[in-house]
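Each chain, letter by letter, is given below.
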Amino acid sequence: MSVNPDQVSLRRLGNRDLELVLAWRNDHEVMRYLPTAQPPLRWEDHFEWFQRYQHLKAHLHWIVVYADGATRPRSVGVVHYNLVTWEIGLLIGEKTLWGQGVGRISLEKALRDLVDPWDQLDRPWAVVHPENLASRRLFEGLNFVEVGLGRDGQIKYKWQGWKQ
């Protein structure tokens with residue numbers, strides 16, 4: 001099964017998403033390669049995180065919405081973008097969609113929304129756990145290249161722009 005780009009959209013993270021995002025953040029399999037806020041995460045800490053980032057203009061969080069046409073559109077992940085550091089991150093919490101192209105489509109849509117095609121000064125970057133081969137292939141396939149090590153020994157990738 002491969003997902004069509006028309007089946008994936010992004011919308012801003014809101015209060016209605018908090019329970020689902022907390023469930024993803026408390027799922028060891030979903031979080032196994034992410035160094036931040038390892039499970040178990042308490043509701044109070046999760047809500048405080050949301051309140052803090054909701055008011056920061058430098059951080060954008062989108063919910064990844066998947067609509068297959070057979071069921072109601074559903075939230076399946078989160079894209080985060082830091083407008084100060086240019087870091088981009090992705091979490092697909094819906095495990096049945098892992099490897100189906102949802103992550104790639106989500107990142108493509110976020111990059112198209114965020115990046116001025118004429119701006120050559122700064123480029124988005126990401127860090128990926130060395131053992132997370134699926135994410136490494138995902139970022140490399142989107143023209144991110146390895147540039148060294150980031151925090152916690154993760155591999156740092158920098159985006160090189162759209163492939164010609």
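Anyway, here's the lowdown on the structure attached to this text. Keep in mind it's a predicted model, so treat the numbers as computed, not measured.

Parameters at a glance
Residues numbered from 1 in each chain as written. Predicted model: local features only at pLDDT ≥ 70, side-chain atom pairs only at ≥ 80, totals over all residues. Heavy atoms only, no water. Buried < 20%, exposed > 50% of the residue type's maximum accessible area, 1.4 Å probe, protein only. Helix = DSSP H or I, 4+ residues; strand = E, 2+ residues; numbered from the N terminus. Pairing = 2+ DSSP bridges. Salt bridge = Lys/Arg side-chain N within 4 Å of Asp/Glu carboxyl O. Contact = heavy atoms within 4.5 Å. Axes fitted to C-alpha atoms, helices over the stretch in contact; angles between N-to-C directions. Parallel < 35°, antiparallel > 145°, perpendicular 65-115°, else oblique. Left-handed = near helix turned anticlockwise from the far one by under 90°. Nonpolar A, V, L, I, M, F, W, Y, C, P; charged D, E, K, R; others polar.

Topic: the pairing of strand 5 (residues 125-128)
Then, in step 1: Taking every second residue as pointing to the same face, both faces of strand 5 are buried, with W125 and V127 on one and A126 and V128 on the other.
Then, in step 2: As paired elements, strand 5 and strand 7 (residues 155-159) share four bridges and run antiparallel to each other. Looking at strand 7, one finds that W125 is bridged to K158.

A short note on the pattern of salt bridges
Then, in step 1: Within this structure, the stated rule accounts for eight salt bridges.
Then, in step 2: Of the charged contacts in the structure, one is a salt bridge between K95 and E29, with a shortest N-O distance of 3.1 Å. Remark: E29 occurs in helix 2 (residues 28-31) and K95 occurs in the loop between strand 4 (88-92) and helix 4 (102-114); sequence separation between them is 66 residues.
Then, in step 3: A relative accessible area of 39% means that E29 is categorised as partly exposed.
Then, in step 4: Connected via shared salt-bridge partners are D27, E29 and K95.

Structural notes on the side chain of R123
Then, in step 1: Structurally, the position occupied by R123 is in the loop between helix 4 and strand 5.
Then, in step 2: Residues in contact with R123, not counting those within four places in the same chain, are W86, V115, K158, W159, Q160 and G161.

Regarding unusual backbone geometry
Then, in step 1: With phi around 75 degrees, N143 is a residue other than glycine that occupies positive phi space.
Then, in step 2: Relative to the assigned elements, N143 resides in the loop between helix 5 (133-141) and strand 6 (144-149).
Then, in step 3: Judged by relative accessible area, N143 falls into the buried class, the value being 18%.
Then, in step 4: Positive phi, normally seen in glycine, also occurs at D152, with a value near 55 degrees.
Then, in step 5: Checked against the element boundaries, D152 lands in the loop between strand 6 and strand 7.
Then, in step 6: The class of D152 is exposed, set by a relative accessible area of 62%.

Digging into the pairing of strand 4
Then, in step 1: Here five bridges tie strand 3 (residues 74-82) to strand 4, and the two strands are oriented antiparallel to one another. Its bridge partner being in strand 4, H80 is matched across the sheet by G89.
Then, in step 2: In this structure, the hairpin formed by strand 3 and strand 4 is closed by a connection of five residues, where W86 is found at a positive phi of approximately 75 degrees.

Overview of the packing of helix 4 against helix 5
Then, in step 1: One can describe the packing of helix 4 onto helix 5 by two numbers: an axis separation of 10 Å at closest approach and a directional angle of 40 degrees. When the axis of helix 4 is compared with that of helix 5, the two are oblique. Remark: the crossing between helix 4 and helix 5 carries right-handed chirality. On the side of helix 4, the interface is formed by G103, R104 and L107, while helix 5 contributes L138, F139 and G141.
Then, in step 2: Among the residues making up the contact of helix 4 with helix 5, the classes are represented as three nonpolar, two polar and one charged.

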